[in-house]
Amino acid sequence: MANEPVETARAREALARHGRSLFARGYSCGTSGNLSVRLGDGGYLMTPTNVSLGNLDPGALSRLDARGDHVDGPPPTKEAWLHLAMYRVRSQDRAVVHLHSTYATALSCRTDRPSEDMLPALTPYVVMRVGRVALVPYGRPGDQSLAATIEQLGAVHRAVLLANHGPVIAGSDLDAAVSAAEELEETARLLFILEGYAHRQLTETQIDEVRRAFKV
Ligand SMILES: [Zn+2]
């Protein structure tokens, strides 16, 4: 960590700060969930395996090189491959958040939503921050054969939902990725709260209007 660029030191602090905040607000339980940032040299900082997001030590994060090989710090999350699949196809993005948050995961189990649009546009904010969310078919933990599907969907969707597992969300920086993850979770929650009630969703015209106005 000595002689690290200021950017890396800041990324370490930001990962620990966001991890603590997500954990404190119930977005991640136990040691579930992982966060990563792409650094200026093309390498990555990631949360380590078997560590709670609530208890991240900025000095004990995993560093990976541009190829995704572990080069420093403790071993990275076993779900590093999810992050790397998103980064491979989203050159514009510099952070990825993966959670097992309750309502998004509940949504990932539902079979009554279109797989290319799992989360309805209940508010303009979910359109701005998250966009359309695509479903990645179920795979057992550790099965990396889904990486190709994640790449395919990640190329056009900022956020994907792993069936019976949870969301993976990319952002231009960590603040944006975390904010999108929160928006996805809260919108999924709204969807369940509205279950059984007649309700309004944004129309395609209203969605297009938001996209044009906010350039998303
Ligand atoms: Zn997971």
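An account of the accompanying structure is given in this report. Keep in mind it's a predicted model, so treat the numbers as computed, not measured.

Regarding the sheet that holds strand E6 (residues 133-136)
No. 1: Here eight strands make up an open sheet; going across it, the order is E4-E3-E2-E1-E5-E8-E7-E6 and the pairing mixed. For this open sheet the edge positions go to strand E4 (70-72) and E6, each flanked by a neighbour on one side alone. The sheet shows a mean angle of 25 degrees between the axes of neighbouring strands, taken without regard to direction.
No. 2: As paired strands, strand E3 (residues 62-64) and E4 are joined by two bridges and run antiparallel to one another. Each residue of the ladder has a partner; that of Arg63, found in E4, is Asp72.
No. 3: Against the sheet, helix H5 (residues 147-154) engages E6 and strand E7 (159-162), with an angle of about 165 degrees to E6.

Examining the layout of surface pockets
No. 1: Of the voids in this model, the largest pocket is the one considered here, and its volume is about 330 Å³.
No. 2: Surrounding the largest pocket, 19 residues form its lining, Asn34, Thr77, Lys78, Glu79 and His100 being those nearest its centre.
No. 3: Here the residues of the lining of the largest pocket sort into four nonpolar, 13 polar and two charged.
No. 4: Quantified by volume, the second largest pocket comes out at close to 200 Å³.
No. 5: Where the lining of the second largest pocket is concerned, the elements lending two or more residues are helix H1 (6-24), strand E1 (34-38) and helix H6 (174-193).

Digging into the packing of aromatic side chains
No. 1: According to the stated counting rule, one finds two aromatic pairs in the structure shown.
No. 2: Relative to Tyr87, the ring of Tyr44 lies with its centre 4.8 Å away and its plane at 40 degrees, an arrangement referred to as tilted. In this pair, Tyr44 is assigned in strand E2 (residues 44-46) and Tyr87 in helix H2 (residues 80-89), connecting sequence segments 43 residues apart. An identical accessibility class is assigned to Tyr44 and Tyr87; each is buried.
No. 3: When the ring centre of Phe192 is taken as origin, the NZ or CZ atom of Arg110, which lies over that ring, is 4.9 Å away.

Some thoughts on the side chain of Glu185
No. 1: Its location among the elements puts Glu185 in helix H6.
No. 2: For the buried Glu185, no salt bridge is present, and the opposite-charge side chain at shortest range is Arg189, 6.7 Å distant.
No. 3: Of note is the side chain of Glu185, whose polar atom sits 2.8 Å from the backbone nitrogen of Tyr103.

As for the packing of H1 against H6
No. 1: Where H1 meets H6, the axes come as close as 11 Å, and the angle between the chain directions of the two elements is 15 degrees. As the angle between them shows, H1 and H6 are arranged roughly parallel. Viewed along their axes, H1 and H6 form a crossing whose handedness is right-handed. Where H1 approaches H6, its residues Ala14, Leu15, His18 and Leu22 are matched on the opposing element by Leu174, Asp175, Val178 and Glu182.
No. 2: Class assignment of the residues belonging to the contact of H1 with H6 gives a composition of five nonpolar, one polar and two charged.

Cut-offs applied
Residues numbered from 1 in each chain as written. Predicted model: local features only at pLDDT ≥ 70, side-chain atom pairs only at ≥ 80, totals over all residues. Heavy atoms only, no water. Pairing = 2+ DSSP bridges. Helix = DSSP H or I, 4+ residues; strand = E, 2+ residues; numbered from the N terminus. Axes fitted to C-alpha atoms, helices over the stretch in contact; angles between N-to-C directions. Contact = heavy atoms within 4.5 Å. 1 Å grid on protein atoms, 1.4 Å probe; cavity = no way out; pocket = protein on both sides within 12 Å on 5 of 7 lines; lining within 4 Å. Points joined across faces, edges and corners; volume = space filled by probe spheres on them. Nonpolar A, V, L, I, M, F, W, Y, C, P; charged D, E, K, R; others polar. Phe/Tyr/Trp six-rings, centres within 6.5 Å; stacked < 30°, edge-to-face > 60°. Buried < 20%, exposed > 50% of the residue type's maximum accessible area, 1.4 Å probe, protein only. Lys NZ or Arg CZ within 6 Å of the ring centre and 35° of its normal. Lys, Arg positive; Asp, Glu negative; His and termini not counted. Salt bridge = Lys/Arg side-chain N within 4 Å of Asp/Glu carboxyl O. Polar contact = N/O pair within 3.5 Å; in protein donor to acceptor, adjacent residues only side chain to side chain. Parallel < 35°, antiparallel > 145°, perpendicular 65-115°, else oblique. Left-handed = near helix turned anticlockwise from the far one by under 90°.

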